[in-house]
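# Examining the three-dimensional arrangement
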Amino acid sequence: MSILQVRGVSRRFSSTHGETLALQATDLDVAENDFITLLGPSGCGKSTLLRIVAGLDHPSSGEVLLDGRCVEGPGADRGMVFQSYTLFPWLTVLDNVCFGLRERGMPRAQQVEIAQDFIAKVGLKGFERHYPKQLSGGMQQRTALARALANQPRMLLMDEPFGALDHQTRELMQELLLGIWEQQRKTVIFVTHDIDEAVFLGSRVVVMSARPGRIKLDRKVELPHPRHYGMKTTPAFAELKAELTEQVRAEVLAAQRQVA
Ligand code: ADP
């Protein structure tokens, strides 16, 4: 059952340097519980597509339907997690996670109960009173994830959320996110340029072409769940990774030719 439909979406940007066609006639169907990882060369329109689904940007043509209704702006049904830490620096971990619930007018006691549950789920129990600047990058991203999840969104939209983390922290965050997805079966669209990450996390890997971005390949990932990092060394993982590496590499080369 598809909950999100991207129908013929294109996006053209105009600037003093001229026009950029970032996305061209893109179609994508996302089913309930899909974990879509979106790969492609830098500048191919991944973030643009995600921002359009989030309602933070609008297509030049085409439309995005969520549960059959046209997306016209941001909403609590879509939780965003970005690469750079977007926590409110003046709020504690607890108040950052409570933020969306408070905006919805939920009584404080209920906000705190829900927030504490998600803070525990992301492994930050005991850090409720800390401020973002007192946390490591990985802990800040855990907080951002708890904040997005606390709103019980229909979908999680994640734009390279682990891109600024060191390798070990990144692997731990991947496992944490997968564990939460396996438990809660959220629908996720996750932008990354890391092929390992795309295969490890995704139930479908979608590869976009060089600009103007279109869907070039849409591959189901057959690796079983629950997944653990040891699977990264299995032949099935290596085979899919090799195929995707070829596909992405061809697009990176095409993107370089555009610049040359
Ligand atoms: P990706 O996420 O795949 O790296 P983006 O979606 O960020 O790619 O960008 C796609 C293209 O659109 C790039 O050429 C980028 O420079 C251009 N672009 C994105 N946002 C804007 C904007 N607000 N104004 C002008 N050009 C933009």
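See the structure shown above.
Predicted model, so just to flag it, every value in this text is computed and none were measured.

The first and last C-alpha atoms of helix H3 (residues 108–121) sit 20 Å apart over 14 residues, in line with the 20 Å expected at 1.5 Å per residue. Three or more residues of H3 are buried, namely Gln-111, Val-112, Ala-115, Phe-118 and Ile-119. For H3, the buried positions fall inside an angular range of 135 degrees around the axis, keeping them on one side. In H3, the exposed residues that point more than 90 degrees away from the buried face are Ala-109 and Glu-113. Of the residues trailing H3, Gly-123 is marked for its positive phi of about 80 degrees.

A few words on helix H1 (residues 46–54). Where burial is concerned, most of H1 is hidden: seven out of the nine residues are buried. Among all positions in H1, only Lys-46, Thr-48, Leu-49, Leu-50, Ile-52, Val-53 and Ala-54 are buried. Taken from the residues just after H1, Gly-55 is the one with a positive phi, measuring 85 degrees.

On to the sheet that holds strand S10 (residues 215–220). An order of S6-S7-S8-S3-S9-S10 is seen for the six strands of this open sheet, with the pairing classed as mixed. Looking at which strands have only one partner, the edges of the open sheet turn out to be strand S6 (78–81) and S10. The average angle at which neighbouring strand axes cross in this sheet is 15 degrees, direction not considered. Sheet topology places strand S9 (residues 204–208) next to S10; five bridges connect them, and they run antiparallel. Paired with Val-206 across the bridge in S10 is Asp-218. Sitting on the sheet, H1 is in contact with strand S3 (35–39), S6, strand S7 (155–159), strand S8 (187–191) and S9, with an inclination near 150 degrees to S7.

Turning our eyes to something else, we now look at the layout of surface pockets. Each pocket or cavity is described by its volume, and for the largest pocket that value is around 460 Å³. The wall of the largest pocket is formed by 18 residues, among which Gly-75, Arg-78, Gly-79, Met-80 and Asn-151 lie closest to the centre. Tallied by class, residues from the lining of the largest pocket come to nine nonpolar, five polar and four charged. The calculated volume of the second largest pocket comes to roughly 150 Å³. The wall of the second largest pocket is formed by Val-199, Arg-219, Lys-220, Val-221, Glu-222, Leu-223, Ala-236, Glu-239, Leu-240 and Glu-243. Sorting the residues of the lining of the second largest pocket by element identifies S10 and helix H7 (235–259) as the ones contributing at least two each. A total of four residues in the lining of the second largest pocket trace back to one element, the largest contributor, which is H7.

Once that is clear, we can look at empty space enclosed by the protein. Under the counting rule described, the total for this entry stands at one cavity of 30 Å³ or more. Within this model, the largest cavity holds a volume of roughly 30 Å³. In this structure, the largest cavity is lined by Leu-28, Leu-38, Leu-49, Leu-50, Val-53 and Ile-189. The dominant element in the lining of the largest cavity, judged by the number of residues it contributes, is H1, at three residues. In the lining of the largest cavity, the residues fall into six nonpolar, no polar and no charged.

Turning next to the sheet that holds strand S5 (residues 69–70). Strand pairing in a sheet relies on backbone hydrogen bonds, with the paired strands running either antiparallel or parallel. One open sheet accounts for four strands, arranged S2-S1-S4-S5; its pairing is antiparallel. Taken across any chain shown, the strands that pair with only one partner, and hence form the sheet edges, are strand S2 (18–31) and S5. Looking at chain direction, strand S1 (residues 2–15) and S2 are connected through 10 bridges and run antiparallel. Note that in S2 the partner of Leu-4 across the bridge is Val-30. The sheet contacts of H1 involve S1, S2 and strand S4 (61–66), and relative to S1 the element is tilted by about 120 degrees.

Around the ligand, the structure places Phe-13, Thr-20, Ala-22, Pro-41, Ser-42, Gly-43, Cys-44, Gly-45, Lys-46, Ser-47, Thr-48 and Arg-211. Here an oxygen atom of the ligand sits 2.7 Å away from a polar atom, N or O, in the main chain of Gly-43. In the model, an oxygen atom of the ligand is placed 3.1 Å from a nitrogen or oxygen of the Arg-211 side chain. Protein chains shield 61% of the accessible area of the ligand, which is 570 Å² for the free molecule. Of all the elements in the fold, those that place two or more residues in the shell around the ligand are S2 and H1. Take the shell around the ligand: its biggest share by element is three residues, from H1. Tallied by class, residues from the shell around the ligand come to four nonpolar, six polar and two charged.

Each value, and the rule that gives it
Residues numbered from 1 in each chain as written. Predicted model: local features only at pLDDT ≥ 70, side-chain atom pairs only at ≥ 80, totals over all residues. Heavy atoms only, no water. Helix = DSSP H or I, 4+ residues; strand = E, 2+ residues; numbered from the N terminus. Expected span 1.5 Å × (residues − 1). Buried < 20%, exposed > 50% of the residue type's maximum accessible area, 1.4 Å probe, protein only. Arc of directions from axis to C-beta. Pairing = 2+ DSSP bridges. Axes fitted to C-alpha atoms, helices over the stretch in contact; angles between N-to-C directions. Contact = heavy atoms within 4.5 Å. 1 Å grid on protein atoms, 1.4 Å probe; cavity = no way out; pocket = protein on both sides within 12 Å on 5 of 7 lines; lining within 4 Å. Points joined across faces, edges and corners; volume = space filled by probe spheres on them. Nonpolar A, V, L, I, M, F, W, Y, C, P; charged D, E, K, R; others polar. Near = heavy atom within 4 Å. Polar contact = N/O pair within 3.5 Å; in protein donor to acceptor, adjacent residues only side chain to side chain. Areas by Shrake-Rupley, 256 points an atom, 1.4 Å probe, with all protein chains shown as cover.

Note that every value here comes from positions in space, so none of it alone points to a role or purpose.
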